[in-house]
Amino acid sequence: FNPIPVPDDDPDDCQGHGTHVAGIVGADGVVTGVAPGVTFGAYRVFGCEGSTFADIMIEAMEMALADDMDILNMSIGSAFAWPQYPTAEASDRLVNAGMVVVASIGNSGTSGTYATGAPGVGKKVIGTASFDNTHAMAPYFEVMGEKIGYNPMSFADPAPTSGTEEIVYIGLACNGYPLDADPAGKVALISRGDCSFHDKAANALAAGATAAVVHNNAPGNFNGTLGTYVPIAAVSISQEDGLFIRAQAAPIMMTWTDQLDTFPSPTGGLISSFSSYGLAPDLSVKPDIGAPGGNIYSTIPLEQGGYGIKGGTSMASPHVAGAAALLLEAKPNTPSQVVRDILQNSADPQFWSLAPGYGLLDHVHRQGAGMVDID
């Protein structure tokens, strides 16, 4: 982390976030982005670790304007921010200058109302919420002939790509909790909840486990991070797959593979659990619109393998930015001030994520106008 910017000409990012976002906008290869005909500008505002500052972001925003970019996507944010926050104010001025500005609304879905972030809360910014993808592309291991798709956790060792091991359920694996079984020399299956993923992985490692598999405590899978490095492979799986494994007779054997497959998401088309609630603190309506952001397969740096799965409102925002690019391609004279209105008026409101069977629409201050409809 270095608070003093050190400019260079290479926007390559260390963790793959920016590359993943760019691929959603306009990749044209193994992955096809929303608008594969775009011309990219990339403005890196992060180092390899730590955060960034509003003045650095605003400098990048001014560079994008000077480079005559038509659309600016910012998959970044400061939660619980007012529309008067510097990056939000600057974004409004960019829209006044003719640029469409799209931003993620934030991943503070468990923090209650008013958690939306800047610059997404800008009055003229298209603040974007996240919906879960209908399917998830994922690597998988096999148990009893069933493919179990998993998401690798960050700050963990890579998952094996071959080999057969026994997997045992050890419970929540939190500090001070007794383990339900001895995972020494085996893969530890762990329930999500009560403590951090870091603690679960560290406790599995201390007990001699060869890897940690954390199953969700709600339908579907999730994207997890250990926060700081723990020298053990750690992955997440869905609640359904976790309960399936636990229901098998011991010994339960699993086989790691180097393959990917597509798995249906039980929460597909519903607002993502992590997506922040509005309103903005001044009671203006945010978010403005939503797009797929949970379990998205896109580009990552070549040194990390080229393609991977990430989730967040960071992944939803470039879907909307790509949609704006298609709109401007079809109707080049569309003013920057009305792009949001057009996208909102054609969006499709989705059902309430906590009880989709009731037939009630989700809250406006969670999904905005609904799912972006590019057609």
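Structural data are supplied above this passage.
The model shown is predicted, which means the values in this text are computed figures rather than measured ones.

**Student:** Can you lay out helix α1 (residues 17-26) for me, pointing to particular residues and giving the numbers?
**Tutor:** Each full turn of the α-helix corresponds to 3.6 residues, which orients residues three or four apart in the same direction. Residues of α1 that are buried: His20, Val21, Gly23, Ile24, Val25 and Gly26. At its buried positions, α1 is contacted by β1 (71-74), β14 (296-299), β15 (307-310) and α6 (313-330).

**Student:** Quick one: what's the story with the state of the cysteines, residue by residue and with numbers?
**Tutor:** Evaluation of the coordinates by the stated rule reveals 2 disulfides. Between Cys14 and Cys48 runs a disulfide, and the two sulfur atoms are separated by 1.8 Å. One end of the pair, Cys14, is in the segment before α1; the other, Cys48, is in the loop between α1 and α2 (54-66), with 34 residues separating them in the sequence. Residue classification places Cys14 among the partly exposed positions, given a relative accessible area of 30%. Here Cys174 connects covalently by a disulfide to Cys195, the sulfurs 2.1 Å from one another. The chirality of the disulfide connecting Cys174 with Cys195 is left-handed, given an S-S dihedral of about -90°. Linking Cys174 in the loop between β8 (164-171) and β9 (187-191) with Cys195 in the loop between β9 and α4 (197-206), this pair joins segments that are 21 residues apart in sequence. Note on Cys174: relative accessible area 4%, which makes it buried. Here the disulfide map of the protein reads 1-2, 3-4, the bonded cysteines being numbered as they appear in the sequence.

**Student:** Which residues make up the pattern of salt bridges, and what values go with them?
**Tutor:** Pairs can form between side chains of opposite charge whenever their charged atoms are close. Using the criterion set out here, one finds 5 salt bridges in the structure. Between Lys186 and Glu166 there is a salt bridge, with the nearest N and O atoms lying 3.8 Å from each other. Here Lys186, found in the loop between β8 and β9, pairs with Glu166, found in strand β8; they are 20 residues apart in sequence, far enough to count as distant. Asp288 is the salt-bridge partner of Arg340, the closest N and O atoms lying 3.3 Å from each other. Within this pair, whereas Arg340 is found in helix α7 (residues 339-345), its partner Asp288 is found in the loop between β12 (253-264) and β13 (289-294), the two being separated by 52 residues in sequence. Residue class for Asp288 comes out buried when judged on its relative accessible area of 5%. Look at the salt bridges and you will find they share partners, linking Lys286, Asp288 and Arg340 into a network.

Thresholds applied
As a convention, each chain's residues are numbered from 1 in the sequence order in which they are written. In keeping with the predicted nature of the model, local features appear solely for residues at pLDDT of at least 70, side-chain atom pairs appear and are counted solely at 80 or more, and the whole-chain, interface and lining totals rest on all residues. Side-chain measures were taken over the full set of non-hydrogen atoms in the model, leaving aside hydrogen atoms and water. Relative accessibility thresholds used throughout: buried, under 20% of the residue-type maximum; exposed, over 50%; partly exposed, between the two (1.4 Å probe, protein chains only). Going along the chain from the N terminus, every DSSP run of H or I of four or more residues is numbered as a helix, and every run of E of two or more is numbered as a strand. Note on contacts: a residue pair qualifies if any of its non-hydrogen atoms lie within 4.5 Å across the two residues. Disulfides are defined in this document as cysteine sulfur pairs within 2.5 Å. Salt bridges are counted wherever a side-chain nitrogen of Lys or Arg sits within 4 Å of a carboxyl oxygen of Asp or Glu.

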